[in-house]
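Coordinates in review
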Amino acid sequence: MFQEEEWVPISALAQYAFCPRRVVFIHTENLWADNQWTMEGKILHETADTQTQKTARGTRIVRSLRISDAENGIYGVADVVEFKRTDGMEFAQNRAEFLSDGVRLPLRDGLWFPIPVEFKRGKTRTDKTYEIQLCAQGLCLEKKFAVTIPFGFLYYGESGRRKRIDFTVSLRQNTCTLVEKVRQVLFSDTVPRPKYSKKCRQCSLVDLCLPQMGTSGSVERYIRNALASRETGNHLP
Ligand code: SF4
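Scope of this entry: the structure provided in the associated data block. Please read all numbers here as calculations on a predicted model, not as lab measurements. (Residues numbered from 1 in each chain as written. Predicted model: local features only at pLDDT ≥ 70, side-chain atom pairs only at ≥ 80, totals over all residues. Heavy atoms only, no water.)

**Observations regarding the overall build of the protein**
Formally: In DSSP terms, a helix is any run of H or I states spanning at least four residues, a strand is any run of E spanning at least two, and both are numbered starting from the N terminus. Exposure categories follow from relative accessible area, calculated using a 1.4 Å probe and restricted to protein chains: below 20% of the type maximum is buried, above 50% is exposed, and the middle band is partly exposed. The contact criterion used is simple: two residues touch if any of their non-hydrogen atoms lie within 4.5 Å. Here, Shrake-Rupley sampling with a 1.4 Å probe gives the accessible areas, and only protein chains in the shown set may cover a residue.
A tally of helices and strands in the protein yields eight helices and nine strands. Residues counted as buried form 46% of the 237 residues belonging to the protein. Counting only contacts in the protein whose residues sit at least 6 apart along the sequence, the fraction spanning at least 24 positions is 64%. Of the roughly 13300 Å² that the protein leaves accessible, carbon and sulfur atoms contribute 51%.

Printed below as a string of structure tokens:
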């Protein structure tokens, strides 16, 4: 069980896989800048966030659900959780698929089973980090509703398709392993060294990071240099 100050945001898992230095910039240093890719992602998530809750054909859709798991020390917001109705003959197929009766929801009749759906920009593809991020949401929902969730979906905005991701034992283990790696980098009081790569050309923080300069060191040194560069008008961190 982790103390709340040690908890890791689920959104940091995908960012860590992209670049550990970026995770520290965003979640420890509170630095942010947008570019084309972050704006596209924001618009896609705003679509997921702003639509109302609704129920149709035995599926209750809940958007922007706050979730957490104290045992694994993670928290976040699930873009969409689909609750599938499981009680009665009409929904026997759902019940068989989930191997569970589901849970009761406030102000709703019947039993419902939660399935996380994470929105991603771009076309349908295989991305292990996205699978881990989705699995982390599944772990949180399991704690929240005291059920075992067998799978979730990644929804890709450009193709408009979704891909089923099974929460296997190995995916669950990989999720816990990545959470620990992110926790270590977030609470280590150091900024990871930049590694200039083609990813940097897509990174919205490239002008703050200046990876070509090979800047590294402690948070304290980073902030001191950043303040000095502001005074002199340079952008060297
Ligand atoms: S510019 Fe490159 S090294 Fe710097 S945070 Fe972004 S991806 Fe990481």
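**Points about the site of the ligand**
The following threshold applies: Residues are classed as near a molecule or strand on a simple rule: at least one heavy atom within 4 Å of it. Within this scheme a cavity is a closed region of a 1 Å grid, computed over the protein atoms alone, that accommodates a 1.4 Å probe without allowing it to escape, whereas a pocket is open but has protein on both sides within 12 Å along at least five of seven lines; lining residues each have an atom within 4 Å of a point. Those molecules having more than half of their atoms within 2 Å of a cavity or pocket grid point set are described as sitting in that cavity or pocket. When residues are sorted by character, Ala, Val, Leu, Ile, Met, Phe, Trp, Tyr, Cys and Pro go into the nonpolar class, Asp, Glu, Lys and Arg into the charged class, and all the rest, Gly among them, into the polar class.
With respect to spatial proximity, the complete set of residues near the ligand consists of Phe18, Cys19, Arg22, Pro194, Lys195, Cys200, Cys203, Val206, Cys209 and Pro211. The site holding the ligand turns out to be the second largest pocket. For the shell around the ligand, a count of residues per class yields eight nonpolar, no polar and two charged.

**Overview of the nonpolar core**
Note the following rule: Nonpolar cores were defined as sets of buried Ala, Val, Leu, Ile, Met, Phe, Trp, Tyr and Cys residues, with membership established by side-chain atoms within 4.5 Å.
Within the largest apolar cluster, 54 residues are counted, with the highest numbers of intra-cluster contacts made by Leu13 and Val182. Only helix H1 (11-18), helix H2 (20-27), strand S3 (59-69), strand S4 (74-85), strand S5 (112-120), helix H5 (128-145), strand S6 (151-156) and helix H6 (169-186) provide two or more residues apiece to this core. The element best represented in this core is H5, accounting for eight residues. If near-sequence neighbours (up to four positions away) are discounted, Leu13 is found in contact with Val8, Thr129, Ile132, Gln133, Ala136, Leu178, Val179 and Val182.

**Brief notes about the packing of aromatic side chains**
Geometry of an aromatic ring pair is reported as the spacing of the ring centres plus the angle between the planes. Definition in use: Two aromatic rings from Phe, Tyr or Trp, using only the six-membered ring of Trp, form a pair when their centres are within 6.5 Å; if the ring planes differ by under 30 degrees the pair is stacked, by over 60 it is edge-to-face, and anything between is tilted.
For the structure on display, the rule yields six aromatic pairs. Both rings, one in Phe98 and one in Phe151, keep their centres 5.8 Å apart while their planes meet at 35 degrees; by these two values the pair is tilted. Of this pair, Phe98 sits in helix H4 (residues 92-98) while Phe151 is found in strand S6, placing the two residues 53 residues apart along the sequence. Ring centres 5.7 Å apart and planes at 80 degrees place the aromatic pair Phe151 and Phe153 in the edge-to-face group. Residue class for Phe151 comes out buried when judged on its relative accessible area of 3%.

**Concerning the pattern of salt bridges**
Quick note on the threshold: Each reported salt bridge corresponds to a side-chain nitrogen of Lys or Arg within 4 Å of a carboxyl oxygen of Asp or Glu.
As enumerated under the stated definition, the model contains 11 salt bridges in all. A salt bridge links Asp69 to Lys143; its shortest N-O distance comes to 3.4 Å. Residue Asp69 is found in strand S3, and its partner Lys143 is found in helix H5; the two are separated by 74 residues along the sequence. For Lys143, a relative accessible area of 38% corresponds to the partly exposed category. A salt bridge links Glu97 to Arg164; the nearest nitrogen and oxygen atoms lie 3.2 Å apart. Of this pair, Glu97 sits in helix H4 while Arg164 is found in strand S7 (residues 161-166), placing the two residues 67 residues apart along the sequence. In this structure Glu97 comes out as partly exposed when scored by relative accessible area, which is 39%. The partly exposed category is assigned to Arg164, whose relative accessible area is 41%. In the salt-bridge network here, residues are joined through shared partners; they are Asp69, Glu71 and Lys143.

**Side note on the side chain of Arg183**
Spelled out, the test is: For the purposes of these results, a polar contact is taken to be a pair of N or O atoms within 3.5 Å, where, inside protein, one atom must be able to donate a hydrogen and its partner to accept one; residues adjacent in sequence count only when each atom of the pair is a side-chain atom.
Among the structural elements, Arg183 can be located in helix H6. Reaching out from Arg183, the side chain makes a polar contact with the backbone oxygen of Glu6 at a distance of 2.7 Å. Once you skip the residues sitting within four places of it in the chain, Arg183 turns out to touch Phe2, Glu6, Trp7, Val8, Asn72 and Gly73.

**With respect to the side chain of Gln133**
Within the secondary structure layout, Gln133 lies in helix H5. A residue is classified by how much of its surface remains accessible, and Gln133, at 6% relative accessible area, is buried. Here the side chain of Gln133 touches Lys120 through a polar contact of 2.7 Å, side chain to side chain. Setting aside its immediate chain neighbours within four residues, Gln133 contacts Ile10, Ser11, Leu13, Ala14, Glu118 and Lys120.

**Focus on the packing of H1 against H6**
As a reminder, the rule being used: Lines fitted to the C-alpha atoms define the axes, with helices restricted to the stretch that makes contact. Angles between their N-to-C directions range from 0 to 180 degrees. Throughout this description, any angle smaller than 35 degrees is read as roughly parallel, any larger than 145 degrees as roughly antiparallel, any in the 65 to 115 degree range as roughly perpendicular, and the remainder as oblique.
Taken N-terminus to C-terminus, the directions of H1 and H6 make an angle of 80 degrees; their axes are 10 Å apart at the nearest point. In terms of their interaxial angle, H1 and H6 are classed as roughly perpendicular. Residues Ala12, Leu13 and Tyr16 of H1 touch H6, and the partners they reach there are Leu178, Val179, Lys181, Val182 and Val185. Tallied by class, residues from the contact of H1 with H6 come to seven nonpolar, no polar and one charged.

Any functional reading would require information that these geometric values do not contain.
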